[in-house]
Amino acid sequence: MHLLIPAAGSGKRMGANCNKLLLQVRSKPLIAWTLLAAEAASSISWIGIVSQPPDWDDFKSIIADLKLKKTIALISGGATRQESVYNGLQALPTNAEQVLIHDGARCLVTPNLFDACSDVILHCSGLIAAVPVKDTIKVVDENGIIKGTPERKQLWAAQTPQGFDVNLLKHCHAEGIRQGWEVTDDAALFEKCGLEVRIVPGEETNLKITTPQDLAIAEFILSHRK
Ligand code: C5P
């Protein structure tokens, strides 16, 4: 299975003056934990890291330190996650029929979740890892007034990995550019194109590290792993 890791963000919400994926968690750069999980997932054979060229020296030295055995490619990131994934799709080897996409910032992912997604994507054309929402979610307008309360049992929090048929996802990204759609995950492009996306049970600990509080939680969770 081919895996693309969007890792080209700026870390603005982290308040960091560098790519947040280079910040240390448990004495390793955050991205190192994501890469170790991908390396340990038996289904993954090729890893494309989409990142900004000024960060490449850092990424290269992290890859060398981890002594990763899988084939790794560095791909230039875009201005948004959507553009970064688009660039990643163009750089996939021509024999790639399915692809998993996993945010570098979800460094608590387990190898099992990668392998579960790799299995399922062989039998469908689109999937995402997701967990049922625990909070009651409100739709709120620009004045801070609640406009609705969607039924909680229908709500799932989207995670990555997300998996897709490569040709279909390329088509959806091209359509997204044509239509000017701005989305925060790839499943949204699939949905907008009328294609089916399946849920795979995600992991409660598979957090996206966004704020300094998330970094502290990641430290805690990793310190309790064997
Ligand atoms: O900013 P956020 O954490 O939501 O980004 C999700 C993922 O997308 C992160 O792993 C981040 O590095 C990546 N990203 C990217 N290119 C961008 C912005 C974000 O690859 N231009």
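Residues numbered from 1 in each chain as written. Predicted model: local features only at pLDDT ≥ 70, side-chain atom pairs only at ≥ 80, totals over all residues. Heavy atoms only, no water.

Counted only if it meets this: UniProt positions are given in the numbering used here, feature names are shortened, and annotations may be inferred rather than shown by experiment.
Looking at an unreviewed UniProt entry, the chain carries the name 2-C-methyl-D-erythritol 4-phosphate cytidylyltransferase, with the source organism given as Dolichospermum circinale CS-537/01. Per UniProt, the comment on the chain under Sequence similarities (unreviewed entry) is "Belongs to the IspD/TarI cytidylyltransferase family. IspD subfamily." Its UniProt record gives the chain the following Pathway (unreviewed entry) comment, quoted word for word: "Isoprenoid biosynthesis; isopentenyl diphosphate biosynthesis via DXP pathway; isopentenyl diphosphate from 1-deoxy-D-xylulose 5-phosphate: step 2/6."

Some remarks on helix α3 (residues 81-90)
This is how it is decided: Only protein chains enter the accessibility calculation, which uses a 1.4 Å probe; a residue whose area is less than 20% of its type maximum is buried, one above 50% is exposed, and one in between is partly exposed. Under the scheme used here, helices are H or I runs from DSSP no shorter than 4 residues and strands are E runs no shorter than 2 residues, and both carry numbers assigned from the N terminus. The arc under discussion is defined with respect to the helix axis, by the directions toward the C-beta atoms. Here, two residues are considered to be in contact whenever any of their heavy atoms come within 4.5 Å of each other.
What α3 keeps buried is the set Q82, S84, V85, G88 and L89. Taken around the axis of α3, the buried residues stretch over an arc of 160°, which confines them to a single face. Buried residues in α3 make contact with β1 (2-6), β4 (46-51), β5 (71-76), β6 (98-101), α5 (166-179) and α6 (186-192).

Brief notes about the nonpolar core
Considering soluble globular proteins, one finds that nonpolar side chains tend to be buried as a cluster. For the record, the criterion: Take the buried residues of types Ala, Val, Leu, Ile, Met, Phe, Trp, Tyr and Cys, join any two whose side-chain atoms come within 4.5 Å, and each joined set is a nonpolar core.
If you look at the biggest cluster of nonpolar residues, it comprises 42 residues, and the most contacted ones within it are L35 and F114. Within the residue set of this core, elements represented by two or more residues are β1, α1 (30-40), β4, α2 (56-66), α4 (111-121), β7 (126-132) and α7 (212-223). Among the elements that make up this core, the one with the highest residue count is α1 (seven residues). Among residues more than four places away in sequence, those in contact with F114 are L3, T34, A37, A38, A41, S43, I44, L100, H102, V109 and P161. Listed in part, the 22 residues of the second largest apolar core include W46, I75, V99 and L189.

Side note on the sheet that holds β5
In plain terms, the rule: When DSSP finds two or more bridges between a pair of strands, those strands are recorded as paired. Here an axis means a line fitted to C-alpha atoms, over the contact stretch when the element is a helix, while the angle between two N-to-C directions is reported on a 0 to 180 degree scale.
The strand order β5-β4-β1-β6-β10-β7-β11 describes an open sheet built from seven strands, whose pairing is mixed. The open sheet terminates on both sides in strands that have one partner only, identified here as β5 and β11 (198-201). Recorded for the sheet is a direction-independent mean angle of 30° between the axes of neighbouring strands. Here β4 runs beside β5; their pairing, made up of six bridges, is parallel. The residue bridging S51 from the neighbouring strand is S76, located in β5. Most of the contacts of α3 go to β1, to which it runs at about 150°, and overall it touches β1, β4, β5, β6 and β10 (156-165). Contacting β6 and β10, α5 runs over the sheet at an angle of about 115° to β10.

Quick look at the packing of aromatic side chains
In plain terms, the rule: Only Phe, Tyr and Trp rings are paired, with Trp represented by its six-membered ring, and only when their centres lie within 6.5 Å; those with planes under 30 degrees apart are stacked, over 60 edge-to-face, the remainder tilted. By the criterion adopted, a ring carries a charge over it if an Arg CZ or a Lys NZ lies within 6 Å of its centre and within 35 degrees of its normal.
On inspection of all chains with the given rule, the structure shows one aromatic pair. A ring pair is formed by F164 and F190, whose centres lie 4.8 Å apart and whose planes are at 55°; its orientation type is tilted. Remark: F190 occurs in helix α6 and F164 occurs in strand β10; sequence separation between them is 26 residues. No difference in accessibility class separates F164 from F190, as the two residues are buried. The ring centre of W33 lies 5.4 Å from the NZ or CZ of K28, which sits over that ring.

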